[in-house]
Structure formats: structure tokens, C-alpha cells
Amino acid sequence: MDFKYTEEQLAVKEAARDFAQNVLKPGVIERDIHAKFPEEEAKELGALGFLGMMVDPKYGGGGMDTVSYVLAMEEISKVDASMAVCMSVCNSLVCWGLERFGTEEQKQKFLAPIARGEKIGAFCLSEPEAGSDATSQRTTAIDMGDHYLLNGTKNWITNGSSASIYIVIAQTDKEKGHRGINAIIVERGMDGFIVGEKEDKMGIRGSDTHTLIFNDVKVPKENRIGEEGFGFKFAMQTLGGGRIGIASQAMGIAAGALDLAIAYSKERQTFGKEINKHQGIAFKLADMATQVQAARLMCLNAASLKDQGEDFAEAASMAKLYASDIAQTVTTEAVQIHGGYGYVREYEVERMMRDAKITQIYEGTSEIQKIVISRSILAD
């Protein structure tokens, strides 16, 4: 498969790189230290159209393809993985789900403000006892006639306190199993909706991750996405696209660490020559570059399949599985190449190593991706 970028795709990539290097990079270390969400930077990114890249222009989006999204995610992730996951959730989970399955009224009211960069969205699936298992939801949305009464807890929610629009997966009829699950839209400020304290995380510390609590929140019936009981299918289909975003994030983190390792290897000297002249370091860099390129091609392949309207679930899971694993490997090697300097914040690769770990966990752990892949390849 030949991936030759169009002029538009290259322009998107360049715009994302410019934003990452000139806007995100100057404060990224401080945001990591203080676990500060890049609020102003997120507004700027939204104003540039990067939070609704693939949304139809009639709803305020950029109307771009998924390949452009992968290219932009890579450039943002090279510098600030915390900003990248905010971007990924808005694009892959919230905007895509609303545009694909929402009513026209929902698209105008909820999708358009996110696509225009005026608001931020959140996707609420994980729970303390269920993780990302949509079939084991304990959060309930009881049918009260003209509204649902929402009760429960969601945790590990990206954009938890910065979002204004939340897509919540909840159980309406337990007897129906996965057919009794709904996806409903909750707005910030609804009575009984409480945002818990921010999580103190190892990596992506600038990402706005919170527990959300729902106490008798009245959600209008018109906020349900799809038909009654559609929530499970909504979650599964939406997460498939989300894996392309997280795979791209992981690949971008690895690519950023590789760039820093190459630059450092040209500056640092030992035994009278640059360290990249030593075969041990040169071989490490060769392996790292090969792994990053392989991950990049897997991300582009999944994106291309999605753009062509083909089944991309297997490709997305493979990309997510491989990219997240090599992100951990490449960032660890980048720290090793930097030696003692790699262990301090100033040289950035230690943050990238911490950030890389989460890509193996969210949007389904590596083990979940293997289940998805094995079911696909073993299907009759």
C-alpha cells in the first residue's frame, strides 16, 4: 500500500507540528510537574479546528479524512501526550459517535460546539468495578417516562472537569444484558452531577482525568443516542475508531522520543567521538526507527481502511497493540541513550516514558486488543 500524502494532508501535518513546537512545547514540562490541564492551549487547538477534524463542515468541522487525523495526532503527541489524548477523545469518541449516530438536533446542539472548538467533550464508559467492560455497567439510567434518572460512578474520565458535554454509557434494563444499555448525553451543570478530584497520575499528568458521580441526574429522553438499548453497540463501534487515535498517540510519543535520542546522540561524545558512532548506540537507533515506522504504517493502514468505508476493527486493534508496546520500548531506549540526563525532566524523555505506559492501558488493554484480534483471525 502506497501512502503518498496529498497537499492538504501535508498542510495539516505542518500546522499541527507548528502548534506543537511553538505553543505546546514551551510549557509542557511545567504542566507535567504541576499536573495542569492545558486549558488555553486546548482553546487555541479547538479554534484551529483540531478537536473536530473529521466532522462535516456543515456542523463546524474540518471535513478531513482519518489519515490527516493520524498525521496531526503524531505531531501533537511528539510534544504533549496530555493534549493529544484530549484531542483524541473529542475527535474519535465524542464527535465521531455524535455525527454517526446522533439525531440532527443532537448534532446541532452538542456536536457543532465541539467541532467549532467552543466546547470539549468526554466519553464516560469506565467504572470502578467494570473498567472498559460495557456489559458490566453498574451506572443505571432508569426510564422515568420523559427522562432517565441517572445514578452511578464513572472513573478515569479524560476531560473530566474541562468538558461541557459527556456521553455516558449506562444500564437501563439489566434483564436484557447488553441490549439494555443506553448512551445518553449529560451536560455540565445538571443537578446531581458531581466532578470528583483529579487523579494524580504517573504519566499524561496534564490530562484532565477525574471520577464523575451521578446522583439522581434527570436526563431528557431526547439526549439518548440511537434507539433504546443501542448503547452497547454505540460503545463498541466508537471505541474501534478511538483505537486509531490512541495508536497514533503512542506512535507519536515514540517518534518524539526517537527524535530526541537522535539529536542527543549527535551532541554527546564519549571516547573522543559522538555516541552515535558507537555501534551499540547506532543499532539501538536503527531498531527504534524501524519500530516507529512500522507503527506509523499500521496506523495509516487502519485510517485508510476507515476512510474507504471498510472494516477497520482488526487493523485498529493491531495498530493500538503494536504502537503502544513499541512506545514503551522506544521511550525506554531513549532514556538509556541519554544516560543520566535521561532521568531528569529537562531532557524530556523521562516524561515520554511515563506517558507511553498509559497507551497500553486505555481504550482497552493490550490483552483486550489480543482478544479482538484473535476473534477476527479465527472467525469462520
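Up top is the structure these notes are about.
The shown structure was predicted, so the numbers you read here are calculated from the model rather than taken from an experiment.

Trainee: Please provide a residue-by-residue account of the overall build of the protein, values included.
Mentor: Helix and strand content of the protein: 11 helices and 10 strands. Whereas a compact globule of 380 residues would reach a radius of gyration of roughly 21 Å, the protein reaches 21 Å, a difference of no more than 12%. Principal-axis analysis of the C-alpha atoms gives the protein an extent of 80 × 50 × 40 Å. The 380 residues of the protein split such that 55% are buried.

Trainee: Which residues make up the nonpolar core, and what are the values?
Mentor: Counting residues in each nonpolar core, the largest one holds 68 residues, and the members touching the most others are I76, M87, F123, L150, Y166, V186 and F234. Element by element, the count of residues in this core is highest for helix α5 (residues 81-101), at 12 residues. Not counting residues within four places of it along the chain, the set of residues in contact with V186 comprises L150, S164, I165, Y166, V168, F193, F214 and V219. Residues A81, I204, I244 and C299 belong to the second largest nonpolar core, which totals 44 residues.

Trainee: Residues and numbers for α5, please.
Mentor: Between its first and last C-alpha, α5 extends 28 Å over 21 residues, near the 30 Å set by a 1.5 Å rise per residue. When the local axis directions of α5 are compared, the greatest deviation, roughly 35 degrees, occurs at C95. Of all 21 residues in α5, 19 are buried, a share of seventy percent or more.

Trainee: Describe the packing of helix α7 (residues 231-267) against helix α8 (residues 279-307), with residues and values.
Mentor: In contact at an axis separation of 9 Å, α7 and α8 are set at 155 degrees when each is read in the N-to-C sense. Looking at the two axes, α7 sits roughly antiparallel to α8. Every pair of crossing elements has a handedness; the one defined by α7 and α8 is left-handed. In this structure, α7 contributes I244, A247, S248, M251, A254, A255, L258, A261, I262 and S265 to the contact, and α8 contributes I281, L285, M288, A289, V292, A295, R296, C299, A302, A303 and K306. The class makeup of the residues in the contact of α7 with α8 is 17 nonpolar, 2 polar and 2 charged.

Trainee: Got a sec to walk through the pattern of salt bridges? Specific residues and values, please.
Mentor: This structure, assessed with the given rule, holds 25 salt bridges. Note that E74 and R296 form a salt bridge whose closest N and O atoms lie 2.7 Å from each other. Here the residue E74 occupies a position in helix α4 (residues 66-79), and R296 occupies one in helix α8, the gap between them amounting to 222 residues. The class for R296 is buried, based on a relative accessible area of 18%. Salt-bridge contacts for R351 lead to D355; the nearest nitrogen and oxygen are separated by 3.9 Å. Taken together, the residues span about one helical turn, with R351 and D355 both in helix α10 (residues 349-358) at a distance of 4 residues. Look at R351 and you get buried, because its relative accessible area is 3%. On the basis of relative accessible area, D355 is assigned to the buried category, the value being 5%. When salt bridges that share partners are traced, they join K13, E14, R17, E74, E75, K78, D259 and R296 into one network.

Trainee: Kindly report on the side chain of N276, identifying the contributing residues and their values.
Mentor: Within the secondary structure layout, N276 lies in the loop between β10 (273-274) and α8. Within the structure, the side chain of N276 is placed 3.1 Å from the backbone oxygen of S265, a separation counted as a polar contact. In contact with N276, not counting residues within four places along its chain, are S265, K266, I281, A282 and L285.

Trainee: Any details on the packing of aromatic side chains? Residues and values, ideally.
Mentor: The tally for this structure, following the rule as stated, stands at 9 aromatic pairs. With 5.0 Å between their ring centres and 45 degrees between their planes, Y341 and Y347 make a pair best called tilted. By relative accessible area, Y341 is classed as partly exposed at 40%. Y347 gets classed as partly exposed once you look at its relative accessible area, which sits at 26%. Ring pairs connect the aromatic residues W96, F101, F123, F230 and F234, which therefore count as one cluster. Across the ring face of Y148, the terminal group of K221 is positioned such that the distance to the ring centre comes to 5.3 Å.

Trainee: So what's going on with the side chain of R243? Which residues, and what values?
Mentor: Structurally, the position occupied by R243 is in helix α7. Exposure remark for R243: the relative accessible area of 11% places this residue in the buried category. One polar contact links R243 to Q369, side chain to side chain, over a distance of 3.3 Å. Beyond its immediate stretch of four places on either side in the chain, R243 contacts A316, S317, K320, E363, I368, Q369 and V372.

Trainee: Give me the lowdown on the pairing of strand β4 (residues 165-171), citing residues and values where you can.
Mentor: When you tally the buried positions in β4, you get 7 out of 7 residues, the bulk of the element. A two-sided burial pattern is seen for β4, the buried positions comprising I165, I167, I169 and Q171 on one face and Y166, V168 and A170 on the other. Bridge count for strand β1 (residues 121-124) against β4 is 4 bridges, and the pairing is parallel. Each bridged residue has a counterpart across the sheet, and for G121 the counterpart in β4 is I165.

Trainee: So what about the pairing of strand β5 (residues 181-187)? Which residues, and what values?
Mentor: Counting buried residues in β5 gives 6 out of 7 residues, a clear majority hidden from the surface. Looking at chain direction, β5 and strand β8 (residues 224-225) are connected through 2 bridges and run antiparallel. Each bridged residue has a counterpart across the sheet, and for A183 the counterpart in β8 is I225.

Trainee: Outline unusual backbone geometry, listing residues and values.
Mentor: The backbone of W156 shows a phi angle near 60 degrees, a positive value even though the residue is not glycine. Here N159, not a glycine, exhibits a phi torsion of approximately 65 degrees, which is positive. Here N159 lies in the loop between β3 (147-158) and β4.

Parameters and conventions
- Residues numbered from 1 in each chain as written.
- Predicted model: local features only at pLDDT ≥ 70, side-chain atom pairs only at ≥ 80, totals over all residues.
- Heavy atoms only, no water.
- Helix = DSSP H or I, 4+ residues; strand = E, 2+ residues; numbered from the N terminus.
- Rg over C-alpha atoms; globule rule 2.2 N^0.38 Å.
- Buried < 20%, exposed > 50% of the residue type's maximum accessible area, 1.4 Å probe, protein only.
- Core = buried A, V, L, I, M, F, W, Y, C linked by side-chain atoms within 4.5 Å.
- Contact = heavy atoms within 4.5 Å.
- Expected span 1.5 Å × (residues − 1).
- Bend = angle between axes of the 7 residues up to and from the residue.
- Axes fitted to C-alpha atoms, helices over the stretch in contact; angles between N-to-C directions.
- Parallel < 35°, antiparallel > 145°, perpendicular 65-115°, else oblique.
- Left-handed = near helix turned anticlockwise from the far one by under 90°.
- Nonpolar A, V, L, I, M, F, W, Y, C, P; charged D, E, K, R; others polar.
- Salt bridge = Lys/Arg side-chain N within 4 Å of Asp/Glu carboxyl O.
- Polar contact = N/O pair within 3.5 Å; in protein donor to acceptor, adjacent residues only side chain to side chain.
- Phe/Tyr/Trp six-rings, centres within 6.5 Å; stacked < 30°, edge-to-face > 60°.
- Lys NZ or Arg CZ within 6 Å of the ring centre and 35° of its normal.
- Pairing = 2+ DSSP bridges.

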